[in-house]
Every structure is written in C-alpha cells, then in structure tokens.
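# Overview (structure and organization)
Spelled out from the first residue to the last, the chains are:
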Amino acid sequence: MIRLDDVTLTFPDGDAQVTAVDHVSLTARPATVTGITGPSGSGKSSLLAVAATLIRPDSGRVLVDDVDATALRPEEATALRRESIGIVFQQPNLLPSLTAHDQLAVMNELGPGRRRRTRAATGRRADELLDAVGLGDHRDRRPHQLSGGQRQRVNIARALMNEPRVLLVDEPTSALDQENGARIIDLVLELTGRMETATLLVTHDLGYLPRLHEVVRLVDGRSSVVHAGDL
Ligand SMILES: Nc1ncnc2c1ncn2[C@@H]1O[C@H](COP(=O)(O)OP(=O)(O)OP(=O)(O)O)[C@@H](O)[C@H]1O
C-alpha cells in the first residue's frame, strides 16, 4: 500500500515559489490501479516523484506499507525505493547494449542485499517476467531491435523485477499509438492484479480512466477524486 498524507511540494521560481503539489492525500491499495490525471503542469509528475521518494515534500507524509518515507535518511529512502518501489518512466530508459533479459537481470545487482537472488534464480525471474509481458521469445533482443511498445513492456517487466509493493507508472503510453497504448494499460492492470502491487498510473488520456480502480484529478496541484461516471 502507498499513502500520501497531506503532501505539499513547492519549487523555487525566481523570487517566488510555485506550488506543484498542494495538500494532496491519496491511498492506493494492493492489486489496484489509481489513475492520476490533470492538465499539463498540474503536478502529476511532481506527485509521482514524491511518491517514488525521489523528492522530499515540503510537508506531509508518504507511507509505503507502514514505513514513513519522509522520515528516513536519504540512504534509507534509497533502500526503501530499491526494495519496495518499481518505477516506469515515460521513455523506456533501457541500456542500449543489453538484451531484454539482461536489462531485467541487472536489477538484481541493484536489489536489496538481503533479498538478492542467485544467478540462476535471477535468470528464471527475468524469463518469467518477459513471458508475463508477452516477450518470452524476444529475450535476446537489444532495445534497437524492439518496437516502442515492446521497449515499454521491457521497462514494465524491469520495474517488477525486485517484487515491489508499489508500482509507479508515468505516462507509459505517451510515445505509443492508440492500440499499443491500450495494450500497455491492459498489461499494467493485469500485472497489478497478479503481482498485487499498489499502482499509481499517471495519464492525461481520459479514455483509459474508466478502467482504473480510482482516479485522482489534479488542477494546479490540488486534487479531487473523480468517478468513472463523471469522466
Ligand atoms: N524542477 C522544477 N523546478 C521548478 N518548477 C518545477 C519543477 N518541476 C516542475 N515544476 C513546476 O511544477 C508544476 C507542476 O509540474 P509537473 O511536471 O509536476 O506537471 P505535470 O502535470 O506532470 O505536467 P505534464 O503533463 O506537462 O508533464 C509546474 O508549474 C512546473 O512548471
């Protein structure tokens, strides 16, 4: 589970400040996808960066299961992120020289020390996840040999490698056509159910929202919960 409790984040803006996230609270439970939507500049990516423990908010708390991430020292926050949070960025930032399989396998090196797998178990986990995202027979391809949708699938599989409790996905369809975009959303929904992650999914594409479990809309950093019928 991930819970944001009255989170506010500001950035300096010349002599003034811009409030990117303004007293936002939300809870995402295991095996559910919570959509974060809103116009450009409304604070979606900032909110995700706070949830990812990449930026510490000015005030408020981020609870991952029962751990208050905002109370941790930086190195403890890094450990929590590696252990419990999977992050899928907008653009698949895959390493050009690695095969799909090895993109996943290297995550074991970054994984939490006490849960690090043997080489054989790492290979099995990578194969399982590539199967789960429909790329079992593309395991030896490098990024330039994959389509945009396939690269995004590798990206999602990689985020799940260390069995995170929380999955954060930022506009995964922005570089894809409608059909491939819809398939990626299907995949995020399916894997969230199967892996029981608490998933936050940033999207500005209203068409996907009715399929999500809950939707939070941001306007100027302020949030409201919207219901499928209101979209
Ligand atoms: N590093 C930063 N420094 C200063 N201001 C920032 C920074 N990052 C974001 N902002 C500002 O915070 C506000 C929210 O930005 P954010 O990127 O979170 O919006 P968004 O909803 O993700 O936008 P988009 O849909 O265009 O990606 C904007 O006013 C933006 O200009």
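Small disclaimer: the values here were computed from a predicted structure and weren't measured.

### Examining the overall build of the protein
- The secondary structure content of the protein amounts to 7 helices and 10 strands.
- Taken against the 2.2 N^0.38 rule, which gives 17 Å for 231 residues, the C-alpha radius of gyration of the protein at 17 Å falls within 12% of a compact globule.
- Along the first, second and third principal axes, the C-alpha set of the protein runs to 50 × 40 × 35 Å.
- Every one of the 231 residues in the protein was classed for burial, and the buried ones make up 40%.
- Contacts in the protein between residues far apart in sequence, at least 24 positions, make up 70% of those at least 6 positions apart.

### Considering the sheet that holds strand E9 (residues 214-219)
- One open sheet accounts for 6 strands, arranged E6-E7-E8-E3-E9-E10; its pairing is mixed. Single-partner strands in this sheet number two, and they are strand E6 (85-88) and strand E10 (222-226). Strand-to-strand twist in this sheet, taken as the mean axis angle between neighbours without regard to direction, amounts to 20°.
- Packed on one face of the sheet, helix H1 (residues 44-51) meets strand E3 (32-37), strand E7 (166-170), strand E8 (198-202) and E9 and runs near 155° to E8.

### So, the confidence of the model for the protein
- Here the protein shows a mean pLDDT of 92. Residues at 70 or above account for 96%.
- Averaged pLDDT values for the elements of the protein fall to 82 in helix H4 (residues 107-110) and rise to 98 in strand E4 (residues 59-64).

### Description of helix H5 (residues 119-132)
- Here H5 contains 14 residues, and its C-alpha end-to-end distance of 20 Å stays within 8% of the 20 Å for a straight helix at 1.5 Å per residue.
- Burial in H5 covers these residues: Thr 122, Arg 125, Ala 126, Leu 129 and Leu 130. Take H5 and look down its axis: the buried residues cluster within an arc of 130°, on one side only. The exposed residues of H5 that point more than 90 degrees off its buried face are Ala 120, Ala 121 and Arg 124.
- The inward-facing, buried residues of H5 abut helix H3 (100-105), H4 and helix H6 (148-159).

### Some details on the sheet that holds strand E1 (residues 2-13)
- In spatial order, the strands read E2-E1-E4-E5; together these 4 strands make up an open sheet with antiparallel pairing. Edge strands, defined here as strands with exactly one partner in the open sheet, are strand E2 (16-28) and strand E5 (67-68).
- Direction of pairing for E1 relative to E4: antiparallel, over a ladder of 5 bridges. By the bridge assignment, Arg 3 is partnered in E4 with Leu 63.

### Section: the site of the ligand
- Neighbouring residues of the ligand: 13 residues in total, closest Phe 11, Ala 20, Ser 40, Ser 45 and Ser 46.
- Contributing elements (two or more residues each) for the shell around the ligand: E1, E2 and H1.
- With 3 residues, the top contributor of residues to the shell around the ligand is H1.
- A breakdown of the residues in the shell around the ligand according to their chemical character gives 3 nonpolar, 8 polar and 2 charged.

### Comments concerning the nonpolar core
- Core analysis: the largest hydrophobic core is formed by 55 residues, its most contacted members being Ala 51 and Leu 168.
- The residues contacting Leu 168, other than those within four sequence positions of it, are Leu 48, Ala 51, Ala 52, Ile 85, Ile 87 and Leu 200.

### Side note on unusual backbone geometry
- At Glu 171, a position not held by glycine, the phi torsion is positive, near 40°.
- Tracing the backbone through its elements, the reader meets Glu 171 in the loop between E7 and helix H7 (178-195).
- Judged by local crowding, Glu 171 falls into the buried class, with 20 C-beta atoms found within 10 Å.
- Positive phi, normally seen in glycine, also occurs at Asp 220, with a value near 50°.
- Note on placement: Asp 220 falls in the loop between E9 and E10.

### Some words on H7
- The end-to-end C-alpha distance of H7 is 25 Å, a good match for the 26 Å that 18 residues give at a rise of 1.5 Å each.
- Buried within H7 we find Gly 181, Ile 184, Ile 185, Val 188, Leu 191 and Thr 192. Burial along H7 is one-sided: seen end-on, the buried residues are contained in an arc of 135°. Facing away from the buried side of H7 by more than 90 degrees, the exposed set consists of Glu 179, Asp 186, Glu 190 and Arg 194.
- In this structure, the buried residues of H7 make contact with E3, H5, H6, E7 and E8.

What counts as what
- Residues numbered from 1 in each chain as written.
- Predicted model: local features only at pLDDT ≥ 70, side-chain atom pairs only at ≥ 80, totals over all residues.
- Helix = DSSP H or I, 4+ residues; strand = E, 2+ residues; numbered from the N terminus.
- Rg over C-alpha atoms; globule rule 2.2 N^0.38 Å.
- Buried ≥ 20, exposed ≤ 12 C-beta atoms within 10 Å, placed from the backbone.
- Contact = placed C-beta atoms within 7 Å.
- Pairing = 2+ DSSP bridges.
- Axes fitted to C-alpha atoms, helices over the stretch in contact; angles between N-to-C directions.
- pLDDT = per-residue confidence, 0-100.
- Expected span 1.5 Å × (residues − 1).
- Arc of directions from axis to C-beta.
- Near = placed C-beta within 6 Å.
- Nonpolar A, V, L, I, M, F, W, Y, C, P; charged D, E, K, R; others polar.
- Core = buried A, V, L, I, M, F, W, Y, C linked by C-beta atoms within 7 Å.

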